[in-house]
Amino acid sequence: MFTIKWEGDAVVILDQRRLPVRETYSTYRHYSGVVNSIKDMEIRGAPAIGVAAAMGIALASLNFDDAKPEKFRERMNDAIGLFAAARPTAVNLFWAINRMKAVLESASDKNSAREKLKAEALRIYEEDIAANREIGRLGSAYIKDGDTVMTHCNAGALATAGYGTALGVIRAAVEQGKKIQVFACETRPYLQGARLTAWELMKEGIPVTVITDGMSGHFMSRGAIQKVIVGADRIAANGDAANKIGTYGHSVLAREHGIPFYVAAPVSTLDPGVATGNEIPIEERSVDEVAYIGERQIVPEGVFIRNPSFDVTPARNISAIITEKGVIENPCGRGITGFLQGLK
Ligand code: MRU
């Protein structure tokens, strides 16, 4: 299984919309296919959509091969604009696009642009896997043998170039021989937990139990959950973290029950450009995701529906932010800016 891969002059993407029933892959030779793949959630998860955009931009440079030099840059910039408009919340998308833009600007001509863009996209892919392994190594120190760890959405191999962030921490703990049980919240309405987290953990033989989102408080109150670990789509300067809708509620419950709540994310998810979580743009997706489960309508016709796809967990509810460059413990009050300055 792989989430995304550069193969020949094409981008191959696992169609996550069909999981867990079918494991099928789409091959894109034109960048517009990759734009749609991100928009339609064929590929999803903050780091994975950053990698997809990087590969898609490299693909665009091949697609515009016969454009005149002055037209080439214009068309590349139009393509980049389409990637930037694909989804608004995950900052990894914009982080990857900015890296690709800088490479495009530094290239002397079309041929060198093509080569350099492909090399940069592959670097972003490789770096993401390496970052996740390091997040796993650092984060596994917080997981004890025998813990039951709850997660929300999918922050696994499927949401990244490989290995995963939150699930990377769980994987690393399991690789160290710790016996870990995972509670995967189903993650209404798109069901990333039930469909994707359960699928990828089961494939690997890591014990996983699916619960509905509303069950987390019950299990916490009965002492069945020792840790919560989730991914993030964007972490603001003050340490507030946007993640899949429902995460915030779990964080409040975890705090109420004195359960540590960890956010695992690469440095590319940190956005010091937004002061607090209130400034993070929250994607609103189609109301049909709420009105239907598969083909089945579950809400009466004509009823108003809202479907924000993310919420913000305040820094005060986060025990630690685990990145590949180090762990920010108790981010409340200090945020991420000092940590980022320390990396320079
Ligand atoms: O809408 P999605 O499926 O792209 O949302 C994904 C999440 O919220 C993940 O938890 C987040 O991107 C972190 S993935 C390592």
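**A few points about the domain arrangement of the protein chain**
Okay, so step 1: Domain boundaries in the protein chain define domain 1 (4–133) and domain 2 (142–343).
Okay, so step 2: Relative to domain 2, the C-alpha centre of domain 1 lies at a distance of 25 Å.
Okay, so step 3: Residue-level contacts link 29 residues of domain 1 with 34 residues of domain 2.
Okay, so step 4: Both sides together, the interface formed by domain 1 and domain 2 hides about 2,600 Å², and carbon and sulfur atoms give 55% of it.
Okay, so step 5: Among the ionic pairs, Arg-87 bridges to Glu-283, the shortest N-O distance being 2.8 Å.
Okay, so step 6: Where domain 1 touches domain 2, the interface holds 17 residue pairs in polar contact (both at pLDDT 80 or more).

**A word on the pairing of strand β16 (residues 326–329)**
Okay, so step 1: With burial as the criterion, only one face of β16 is covered, namely that bearing Gly-326 and Ile-328; the residues Val-327 and Glu-329 on the opposite face remain uncovered.
Okay, so step 2: Pairing of strand β15 (residues 320–323) with β16, which is carried by 4 bridges, proceeds in the antiparallel orientation. Paired with Thr-323 across the bridge in β16 is Gly-326.
Okay, so step 3: Linkage of β15 to β16, two consecutive antiparallel strands, is achieved through a turn of 2 residues.

**Some thoughts on the site of the ligand**
Okay, so step 1: Of all residues adjacent to the ligand, which total 19 residues, the nearest are Arg-44, Arg-87, Gln-192, Asn-243 and Lys-244.
Okay, so step 2: Residue Gln-192 places a side-chain N or O atom 2.8 Å away from an oxygen atom belonging to the ligand.
Okay, so step 3: Side-chain polar atom of Asn-243 to an oxygen atom of the ligand: 2.6 Å apart, as the coordinates give it.
Okay, so step 4: Contact with the protein chains removes 99% of the 420 Å² of surface that the ligand exposes when unbound.
Okay, so step 5: Those elements giving two or more residues to the shell around the ligand turn out to be α2 (46–63) and β9 (241–244).
Okay, so step 6: Looking at the shell around the ligand, its residues break down into 8 nonpolar, 7 polar and 4 charged.
Okay, so step 7: Both of domain 1 (4–133) and domain 2 (142–343) provide at least three residues apiece to the shell around the ligand.

**A few points about unusual backbone geometry**
Okay, so step 1: Omega for the bond connecting Leu-19 with Pro-20 falls within 30 degrees of zero, at 5°, which places this linkage in the cis form.
Okay, so step 2: As for its placement among the helices and strands, Pro-20 is situated in the loop between β2 (10–14) and β3 (25–28).
Okay, so step 3: Looking along the chain, the bond that leaves Arg-188 and enters Pro-189 is cis, with omega of 0°.
Okay, so step 4: Tracing the backbone shows Pro-189 in the loop between β5 (181–185) and α7 (192–204).
Okay, so step 5: One non-glycine residue, Met-41, lies in positive phi territory at about 65°.
Okay, so step 6: With respect to the helices, strands and loops of the structure, Met-41 is situated in the loop between α1 (31–39) and α2.
Okay, so step 7: Positive phi is not limited to glycine here, since Leu-191 has a value of about 65°.
Okay, so step 8: If you trace the backbone, Leu-191 turns up in the loop between β5 and α7.
Okay, so step 9: For Leu-191, a relative accessible area of 18% corresponds to the buried category.

**Re helix α3 (residues 69–84)**
Okay, so step 1: Taking 1.5 Å of rise per residue, the 16 residues of α3 would be expected to cover 22 Å, and the 23 Å separating its terminal C-alpha atoms lies within 8% of that figure.
Okay, so step 2: Every buried residue belonging to α3 is among Phe-72, Met-76, Ala-79, Ile-80 and Phe-83, and all of these are buried. Burial along α3 is one-sided: seen end-on, the buried residues are contained in an arc of 100°.

**Remarks on the nonpolar core**
Okay, so step 1: Counting residues in hydrophobic clusters, the biggest one holds 44 residues, and the most contacted among them are Ile-4 and Phe-83.
Okay, so step 2: Looking at this core, the elements that each hand over two or more residues are β1 (4–7), β2, α1, α2, α3, α4 (91–106) and α5 (110–139).
Okay, so step 3: Considering each element in turn, this core owes the most residues, 12 residues, to α2.
Okay, so step 4: Contacts of Phe-83, omitting those with residues within four sequence positions, involve Tyr-31, Val-34, Val-35, Ile-38, Ala-52, Ala-53, Gly-56, Ile-57, Leu-93 and Ile-97.
Okay, so step 5: By size, the runner-up hydrophobic cluster in this structure holds 24 residues, among which are Met-150, Phe-183, Cys-185 and Ile-225.

**Remarks on the packing of aromatic side chains**
Okay, so step 1: Overall, the coordinates contain 5 aromatic pairs when judged by the stated rule.
Okay, so step 2: Ring geometry for Tyr-142 versus Tyr-262: centroids 5.1 Å apart, planes at 55°, classification tilted. Within this pair, whereas Tyr-142 is found in the loop between α5 and β4 (148–151), its partner Tyr-262 is found in strand β10 (residues 261–264), the two being separated by 120 residues in sequence.
Okay, so step 3: Site record: aromatic cluster; members linked through ring pairs are Tyr-31, Phe-64 and Phe-83.
Okay, so step 4: The cationic tip of Arg-133 hangs over the ring face of Tyr-163; the distance from NZ or CZ to the ring centre is 4.2 Å.
Okay, so step 5: One residue, Lys-244, lies across the ring of Phe-310, its end atom 4.1 Å from the ring centre.

Calculation rules
- Residues numbered from 1 in each chain as written.
- Predicted model: local features only at pLDDT ≥ 70, side-chain atom pairs only at ≥ 80, totals over all residues.
- Heavy atoms only, no water.
- Domains from an automatic or database assignment.
- Contact = heavy atoms within 4.5 Å.
- Buried area = accessible area lost by both parts, 1.4 Å probe.
- Salt bridge = Lys/Arg side-chain N within 4 Å of Asp/Glu carboxyl O.
- Polar contact = N/O pair within 3.5 Å; in protein donor to acceptor, adjacent residues only side chain to side chain.
- Buried < 20%, exposed > 50% of the residue type's maximum accessible area, 1.4 Å probe, protein only.
- Helix = DSSP H or I, 4+ residues; strand = E, 2+ residues; numbered from the N terminus.
- Pairing = 2+ DSSP bridges.
- Near = heavy atom within 4 Å.
- Areas by Shrake-Rupley, 256 points an atom, 1.4 Å probe, with all protein chains shown as cover.
- Nonpolar A, V, L, I, M, F, W, Y, C, P; charged D, E, K, R; others polar.
- Expected span 1.5 Å × (residues − 1).
- Arc of directions from axis to C-beta.
- Core = buried A, V, L, I, M, F, W, Y, C linked by side-chain atoms within 4.5 Å.
- Phe/Tyr/Trp six-rings, centres within 6.5 Å; stacked < 30°, edge-to-face > 60°.
- Lys NZ or Arg CZ within 6 Å of the ring centre and 35° of its normal.

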